[in-house]
Amino acid sequence: MSRASTITMTTDVVATLKAELPELALITPSDSNFDATRTFFVKRDAVPSAIARPQNVEQVQDLIQNCTKNGIDFVIRSGGHDCAGRSQVAGALSIDLRDIKHITISADEKTATVGGGILFRDLVEALDARGLITPVGTVASVGYVGWATLGGYGPFSTSHGLGVDQIVGAKVVTAKGELVEADAELLEGIRGGGGIFGVIVELTIKVYPLKELFTTLLIYESSDLKAAWTNYGEGYEKLVAAEPLPRALQLQPFGIELPGLGKVFAVGATWADADQEEGKKWFAKIAALGTCIMNNPEPKSVAAFTAFNETLVVYGSYGQSFTANLNRYTAKTAEVLAKYTGLIPGGGIAFSIHSLRAPAENEKSVFGSRFDHLMLELVAITPVQELGAKGGEWARSFIRELKESDPDNVLDSVYVSLMSEDDLDYKLAYGPYYERLVALKNKYDPDNVFKHAVPRLQA
């Protein structure tokens, strides 16, 4: 949609909202800060009719009531890292929650209540100041609510659980503009179903005592990528067969291109426990699964950890992400991982492998992949526009070859949060929880008012 048509379309929306909600902060395409405010991690041509920046829950209620009454199409933005660009909808009003970022830590320091637009950065800084953590991902500018409610993998996935397992309470603005405290049934849907039932304006989450993460980046000699991946995969499987890995240990292997080193195999390792000497021993065990040329363990606050990773992210990039869930490391899988490390198109495109080990049971959620697995994340995203399409071709070919060469090792489920609608089968993604999720959608949003939320189910 062109800027001119968007401005024309905006006139009625802005006039209506300004007349009925005069205190609401509205940014229109003619405003100088419009482009900067609407910038997302992944760039799309979808220009909103305007951007609303509610400052409190009451303004969110007023907005939803006004939109439904006047037939104004809208989409919710909680952070801006949807790797498929689904929170960018051409011609829709963008309701940007990032100013609703309050955090209150309970007196017993076991829970925190956070606003619906809070980013990792603000959350972890507040918790760091109190010697506390909660599971988050790796990049400071990611919106917490979207990440947590759709699953939430990260350095604490095995030690403390997924993001979805931290949610103990929620406040939601419904299609009628009513503010409700989520009961057990609605919480079940939010844990995996995200914002498809209403606008999540507040979450109450678990927090834990921990001063800092212990981290290292292990870089392996990679002149023979097949040997590097195969040695790691075989060594890892032997290690876990011989003894349970400590829950504090989280491993994230990468196929990545690094300055001065080229395309390499590396492992980001984190240790989420105060006993850092034990963590150092385990880092050494993982380093020994190949010819390790770099291993520099260091303690980092979660704020510092996510802030550093933020420096690796370029807002306004091109492309999208893809995922595939794997059962384990096998020789055939290692061969494909090595091949596509060597075929990385450049421009920062990379892949990594998250893991979930011995996940806690949580029948009061609809998150589909609650079993031991490896989650392959293909980041076919780059600031180099001409590489965007090449990255997509690389990723799709990567997944296709995995399925062809080792079909029994590729699971049906995928990670909804990092997939585009064109590549998703929600029945497979949610597995045994799909019918429950649909039933909850039909009950809480029967008119599909929140049709642009993820997952995009038809009520």
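Refer to the structure printed above.
Here the structure is a predicted model, which is why all the values come from computation and not from measurement. (Residues numbered from 1 in each chain as written. Predicted model: local features only at pLDDT ≥ 70, side-chain atom pairs only at ≥ 80, totals over all residues. Heavy atoms only, no water.)

K.L.:
A description of the overall build of the protein should follow, citing residues and the corresponding values.
P.N.:
If you tally the helices and strands in the protein, you get 13 helices and 19 strands. Relative to a compact globule of 459 residues, whose C-alpha radius of gyration would be 23 Å, the protein shows 22 Å and is just as compact. A principal-axis box enclosing the C-alpha atoms of the protein has dimensions of 65 × 50 × 40 Å. The buried share of the protein, taken over its 459 residues, is 59%. Look at the contacts in the protein between residues 6 or more apart in sequence, and 72% of them connect residues 24 or more apart. Of the side chains in the protein, 43 bear a positive and 56 a negative charge, and the two mean positions are spaced by 1 Å. (Helix = DSSP H or I, 4+ residues; strand = E, 2+ residues; numbered from the N terminus. Rg over C-alpha atoms; globule rule 2.2 N^0.38 Å. Buried < 20%, exposed > 50% of the residue type's maximum accessible area, 1.4 Å probe, protein only. Contact = heavy atoms within 4.5 Å. Lys, Arg positive; Asp, Glu negative; His and termini not counted. Charge placed at Lys NZ, Arg CZ, Asp CG, Glu CD.)

K.L.:
Please provide a residue-by-residue account of the pairing of strand β17 (residues 318-326), values included.
P.N.:
Two faces make up the sheet, and in a regular strand the side chains alternate between them. By the criterion of burial, β17 is predominantly enclosed, with 9 of the 9 residues buried. Bridging between β17 and strand β19 (residues 373-382) involves 9 bridges; their strand directions are antiparallel. Bridge assignment links A324 to a residue of β19, and that residue is L376. (Pairing = 2+ DSSP bridges.)

K.L.:
Which residues make up the pattern of salt bridges, and what values do they have?
P.N.:
Taken as a whole and judged by the stated rule, the model has 21 salt bridges. K451 is the salt-bridge partner of D73, the closest N and O atoms lying 3.0 Å from each other. Highlighted residues: D73 in the loop between α3 (57-70) and β3 (74-77) and K451 in the segment after α13 (434-444), separated in sequence by 378 residues. For D73, a relative accessible area of 27% puts it in the partly exposed group. K171 is the salt-bridge partner of E202, the closest N and O atoms lying 3.7 Å from each other. (Salt bridge = Lys/Arg side-chain N within 4 Å of Asp/Glu carboxyl O.)

K.L.:
Give me the lowdown on the sheet that holds strand β5 (residues 103-105), citing residues and values where you can.
P.N.:
As summarised here, the arrangement of the 5 strands in space is β5-β6-β10-β8-β9, forming an open sheet in which the pairing is antiparallel. Each edge of the open sheet is held by one strand with a lone partner, namely β5 and β9 (179-181). Mean inter-strand twist for the sheet, computed between neighbouring axes without regard to direction, equals 15°. Relative to β9, strand β8 (residues 167-173) runs antiparallel, the two being bridged by 3 bridges. Considered in β9, the bridge of V173 is made with L179. Strands β8, β9 and β10 (199-206) of the sheet are contacted by helix α6 (residues 184-193), whose axis makes an angle of about 95° with β8. (Axes fitted to C-alpha atoms, helices over the stretch in contact; angles between N-to-C directions.)

K.L.:
Pulling in residues and values, what's your account of the side chain of E237?
P.N.:
Counting through the fold element by element, E237 comes out in helix α7 (residues 225-242). In this structure E237 touches R328 and Y329, once residues within four positions along its chain are discounted.

K.L.:
Provide a residue-level description of the sheet that holds β3, including the pertinent values.
P.N.:
Adjacent strands of a sheet form backbone hydrogen bonds with each other and so pair up, either parallel or antiparallel. The sheet built from 4 strands is open, its strands ordered β1-β2-β4-β3 with mixed pairing. Strands with a single pairing partner mark the edges of an open sheet, and in this sheet they are β1 (26-27) and β3. Where strand β2 (residues 50-52) and strand β4 (residues 93-96) come together, 3 bridges link them in parallel fashion. Opposite A52, over in β4, you have I95 as the bridge partner.

K.L.:
An account of helix α9 (residues 302-310) is requested, with residue identities and associated values reported.
P.N.:
For α9, the full list of buried residues reads V302, A303, F305, T306, N309 and E310. Buried residues of α9, seen end-on, are gathered within an arc of 165° and therefore sit on one face of the element. On its buried face, α9 sits against α4 (120-128), β7 (132-133), β12 (213-220), β14 (262-271) and β16 (298-300). (Arc of directions from axis to C-beta.)

K.L.:
An account of the packing of aromatic side chains is requested, with residue identities and associated values reported.
P.N.:
Taken as a whole and assessed by the stated rule, the structure comprises 21 aromatic pairs. Look at Y232 and Y329: their rings are 5.6 Å apart centre to centre, the planes differ by 85°, and that puts the pair in the edge-to-face class. Here Y329 lies in the loop between β17 and α10 (331-342) and Y232 lies in helix α7, a separation of 97 residues in the sequence. Residue Y329 is classed as buried on the basis of its relative accessible area of 6%. Where Y236 meets Y329, the ring centres are 5.3 Å apart and the plane angle is 80°; that geometry is what we call edge-to-face. With Y236 in helix α7 and Y329 in the loop between β17 and α10, this residue pair connects regions lying 93 residues apart in the sequence. The pair formed by Y236 and Y329 is uniform in burial state, with each residue classed as buried. Pairwise contacts between aromatic rings join Y220, W229, Y232, Y236, F265, Y329, Y340, F351, W394 and F398 into one cluster. Taking the ring centre of F40 as reference, the NZ or CZ of R77 above it sits at 3.8 Å. Positioned above the aromatic ring of F308, the side-chain terminus of K300 is 4.5 Å from the ring centre. (Phe/Tyr/Trp six-rings, centres within 6.5 Å; stacked < 30°, edge-to-face > 60°. Lys NZ or Arg CZ within 6 Å of the ring centre and 35° of its normal.)

K.L.:
Run through the nonpolar core, naming residues and quoting values.
P.N.:
The biggest cluster of nonpolar side chains holds 80 residues, and the ones touching the most others in it are L93, Y144, L203 and Y430. Aside from chain neighbours lying at most four places away, what touches Y430 is L150, G192, G193, V366, G368, V416, L437 and P455. (Core = buried A, V, L, I, M, F, W, Y, C linked by side-chain atoms within 4.5 Å.)

K.L.:
Break down unusual backbone geometry for me, citing the residues and quoting the values.
P.N.:
Peptide bonds are mostly trans, and most non-glycine residues show a negative phi. Following V454, the chain continues into P455 via a peptide bond in cis, with omega recorded as 5°. Secondary-structure assignment places P455 in the segment after α13. Although it is not a glycine, E109 sits at a positive phi angle of roughly 55°. With respect to the element layout, E109 can be found in the loop between β5 and β6 (111-115).

K.L.:
Summarise the packing of α7 against α10; cite the residues concerned and give the values.
P.N.:
Taken N-terminus to C-terminus, the directions of α7 and α10 make an angle of 140°; their axes are 8 Å apart at the nearest point. By the angle class used here, α7 and α10 are oblique. Crossing geometry of α7 relative to α10 is assigned as right-handed. Mapping the contact onto sequence places L225, K226, W229 and T230 in α7 and A334, E335, L337, A338, T341 and G342 in α10. (Parallel < 35°, antiparallel > 145°, perpendicular 65-115°, else oblique. Left-handed = near helix turned anticlockwise from the far one by under 90°.)

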